[in-house]
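As a plain string of letters, each chain reads:
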Amino acid sequence: MTTTLRPTGPEQRGAGGVRSRSYDICVNSRPVGLLRLATDARYGPAAGRVEQLVVDERERRRGRGAVAALAAEEVLREWGCARVEAGIPATAAAALRLADGLGYRERSRNMLKELEEEPRLPSGSSARPMTDAEFPAWRERGRPQLLRTLLDRGVPAEGAERKADEDFRTLLPAGAATSGAVLRVLVHEDSEVGTLWVDVANSPRTDADSWVFDVEVAEERRGHGHGRTLMLLAERESLAAGARVLGLKVYAGNAPAQRLYASLGYRSVEHHLWKPLV
């Protein structure tokens, strides 16, 4: 039996050169699943995405998904994509095994925690709002990491700086006074040891009420538990705003952060995977 892709309609074009198309996954011309591909609106046409890949339950465990995924890579190569990305729920064990077998690597994961009781901060630690005067320096400290992320995702160098500025303007249009954005400075025994950015109104996921965008411990104060304190602070601020589920993204290479979040009760809900196509 031959597994092929059959377009369900014409290719769609959007702003910024975004392309997308849907396909039936067919076995001898008989539809057995669905596939949807697109280029990434955020990171540019070099990044292709598998937005949906579903095989009918009765057709699973016969290699249909693997063949469809490989065919999807060929389509994206024809579109000029240099890599393919996919988000897979943590509960989709079979899909995660398939991606691993096809050479996908984890870039990051989303984690969530259901909040219940407001935690207490350790003795000697307190927090205060970030001031408007402090905001520009804090923003500039975070800019190199954002630029590296954009470059890693294929955004051309000439556009990465512009994109970084656009991201900050979109997420923090009023700086430290942006509605819903909680920017805090952590103080321990009269010394400033870290900063927190948690948004209690604009989460990127529908299953989270609030979102940790940035946790930073001063380099000379790392290894003393202040990262844990900042996360407890994020929970306190979220609960105070009425949020009940707090989410975050952690990158695959940051094993200490992953261990910290797991020890605090966060669970993985989605894995973001990628694979080079060239």
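Look above for the structure.
Everything quoted here is computed from the prediction, not taken from an experiment.

J.: Quick question: what am I supposed to make of the overall build of the protein here?
T.: What the protein contains, in helices and strands, is six helices and 13 strands. Dimensions of the protein along its principal axes, counting C-alpha atoms only, are 70 × 40 × 30 Å. Among the 278 residues that make up the protein, the fraction classed as buried is 46%. Of the contacts made within the protein by residues no fewer than 6 positions apart, 62% connect residues no fewer than 24 positions apart. For the protein, the accessible surface area stands at approximately 14500 Å², while carbon and sulfur atoms represent 49% of it. Within the protein, the 39 negative side-chain charges are centred at a point lying 6 Å from the centre of the 41 positive side-chain charges.

J.: Help me out: how do you make sense of the nonpolar core in this one?
T.: The tendency in soluble globular proteins is for nonpolar side chains to be buried side by side. Counting 25 residues, the largest nonpolar core has L196, V212, M231, L246, L248, Y261 and Y266 as its most contacted members. At the level of secondary structure, the elements contributing two or more residues to this core comprise β9 (181-188), β10 (191-199), β11 (210-217), α5 (226-240), β12 (245-251) and α6 (255-263). Of all the elements, α5 adds the most residues to this core, at six residues. The residues touching V212, leaving out its near neighbours within four places in the chain, are L196, W197, V198, M231, A234, L246, G247 and L248. Judged by nonpolar contacts, the second largest core, of 23 residues, contains A69, V75, C81 and V84.

J.: Before we go on, may I ask you to explain the environment of V50 in this structure?
T.: Topologically, V50 is positioned in strand β5 (residues 44-55). The class of V50 is buried, set by a relative accessible area of 14%. In this structure, the C-alpha to C-alpha distance between V50 and G124, residues 74 residues apart in sequence, is 48 Å. Not counting the four nearest positions on each side in its chain, V50 is found in contact with L35, R36, L37, V84, E85, A86 and Y104.

J.: How should I be thinking about the layout of surface pockets in this particular structure?
T.: If a probe as big as a water molecule is rolled over the atoms, it shows which places are left empty. By volume, the second largest pocket is sized at about 710 Å³. Around the second largest pocket, the lining is made up of 29 residues, and of these L53, G65, A94, A95 and L98 lie nearest the centre. When contributions to the lining of the second largest pocket are tallied by element, the ones reaching two or more residues are β5, α1 (64-78), β6 (83-89) and α2 (93-101).

J.: Any chance you could explain the environment of R64 here in plain terms?
T.: Mapped onto the elements of the fold, R64 is located in helix α1. Linking R64 and M231, residues 167 residues apart in sequence, is a C-alpha distance of 43 Å.

J.: Honestly, the packing of α5 against α6 in this entry has me stumped. Any pointers?
T.: To characterise two packed helices, one gives the angle between the axes of the helices and the distance between these axes. Closest axis-to-axis distance for the α5/α6 pair is 11 Å, and the angle between their directions is 50°. Taken together, the axis directions place α5 and α6 in an arrangement best described as oblique. Crossing geometry of α5 relative to α6 is assigned as right-handed. Contacts from G227, R228 and M231 of α5 reach α6 at L260, Y261 and S263. Of the residues that constitute the contact of α5 with α6, the class distribution is three nonpolar, two polar and one charged.

J.: Looking at this structure, I do not really get the packing of aromatic side chains. What am I missing?
T.: Two measures describe an aromatic ring pair: the distance that separates the ring centres and the angle between the ring planes. Following the criterion strictly, the structure yields four aromatic pairs and no others. Taken together, F135, W138, W197 and F213 form an aromatic cluster joined through their ring pairs.

J.: Explain unusual backbone geometry to me, please; I cannot follow it from the model alone.
T.: Outside of glycine, negative phi angles account for most residues, and trans bonds account for most peptide bonds. A positive phi angle is found at E189, which is not glycine, with a value near 50°. For E189, the position within the fold is in the loop between β9 and β10. Judged by relative accessible area, which is 57%, E189 ranks as exposed. Even without being glycine, D190 reaches a positive phi, approximately 70°.

J.: What is the right way to look at the pairing of β6 in this model?
T.: One face of the sheet, then the other: side chains in a regular strand alternate in exactly this way. Most of β6 sits inside the fold, with five of its seven residues counted as buried. Pairing analysis gives three bridges linking β5 to β6, with the strands arranged parallel. Within β6, the position partnered with A47 by the bridge is R83. In the classification by handedness, the crossover that spans β5, the intervening α1 and the parallel β6 is right-handed. Sheet analysis places β6 next to strand β13 (residues 267-276), joined by seven bridges and oriented antiparallel. Bridge pairing in β13 places I88 opposite H271.

J.: Sorry, what's going on with the side chain of H188 here?
T.: Its location among the elements puts H188 in strand β9. A polar atom in the side chain of H188 sits 3.4 Å from the backbone oxygen of G124. Side chain to side chain, H188 and S125 meet in a polar contact 2.9 Å long. If sequence neighbours within four positions are ignored, H188 has contacts with S123, G124, S125, V193, R221 and H226.

Conventions and cut-offs
Sequence order as written defines the numbering, with residues in each chain counted from 1. Side-chain atom pairs in this predicted model are given and counted only at pLDDT of 80 or more, local residue features only at pLDDT of at least 70, and totals for whole chains, interfaces and linings cover all residues. Derived side-chain values reflect all non-hydrogen atoms in the structure, with water molecules and hydrogen atoms excluded from consideration. Strands are runs of DSSP state E lasting at least 2 residues, helices are runs of H or I lasting at least 4, and numbering of each runs from the N terminus. Only protein chains enter the accessibility calculation, which uses a 1.4 Å probe; a residue whose area is less than 20% of its type maximum is buried, one above 50% is exposed, and one in between is partly exposed. Contacts are residue-level and defined by heavy atoms, with any inter-residue pair within 4.5 Å sufficient. We get accessible surface area from the Shrake-Rupley algorithm with a probe of 1.4 Å; when it comes to residues, only the shown protein chains can shield them. Positive charges are assigned to Lys and Arg, negative charges to Asp and Glu, while His and the chain termini are left out of the count. For this purpose, a charge sits on NZ of Lys, CZ of Arg, CG of Asp or CD of Glu. Nonpolar cores were defined as sets of buried Ala, Val, Leu, Ile, Met, Phe, Trp, Tyr and Cys residues, with membership established by side-chain atoms within 4.5 Å. The method works on a 1 Å grid over the protein atoms by themselves. A cavity is a set of points holding a 1.4 Å probe that cannot get out, a pocket is an open set with protein on both sides within 12 Å along at least five of seven lines, and residues with an atom within 4 Å of a point line them. Grid points are joined across faces, edges and corners, and a volume is the space filled by probe spheres set on the points. Angles run from 0 to 180 degrees between N-to-C directions of axes, and those axes are lines fitted to C-alpha atoms, restricted for helices to the stretch in contact. In what follows, roughly perpendicular refers to angles from 65 to 115 degrees, roughly parallel to angles under 35, roughly antiparallel to angles over 145, and oblique to any angle outside these ranges. Put simply, a crossing is left-handed when the front helix is turned counterclockwise from the back one by less than a right angle, and right-handed when it is turned clockwise. Residues were grouped as follows: Ala, Val, Leu, Ile, Met, Phe, Trp, Tyr, Cys and Pro as nonpolar; Asp, Glu, Lys and Arg as charged; and all remaining residues, including Gly, as polar. Any Phe, Tyr or Trp ring, taking Trp's six-membered ring, that has another such ring centre within 6.5 Å forms a pair; planes under 30 degrees apart are called stacked, those over 60 apart edge-to-face, and the others tilted. At least two bridges found by DSSP between two strands are what make those strands a pair. With the strands pointing away from the viewer, any crossover whose connection runs clockwise from the first strand over the helix to the second is right-handed. Think of a polar contact as two N or O atoms within 3.5 Å of one another; within protein, one of them needs to be a possible hydrogen donor and the other a possible acceptor, and neighboring residues in sequence only count if both atoms come from side chains.

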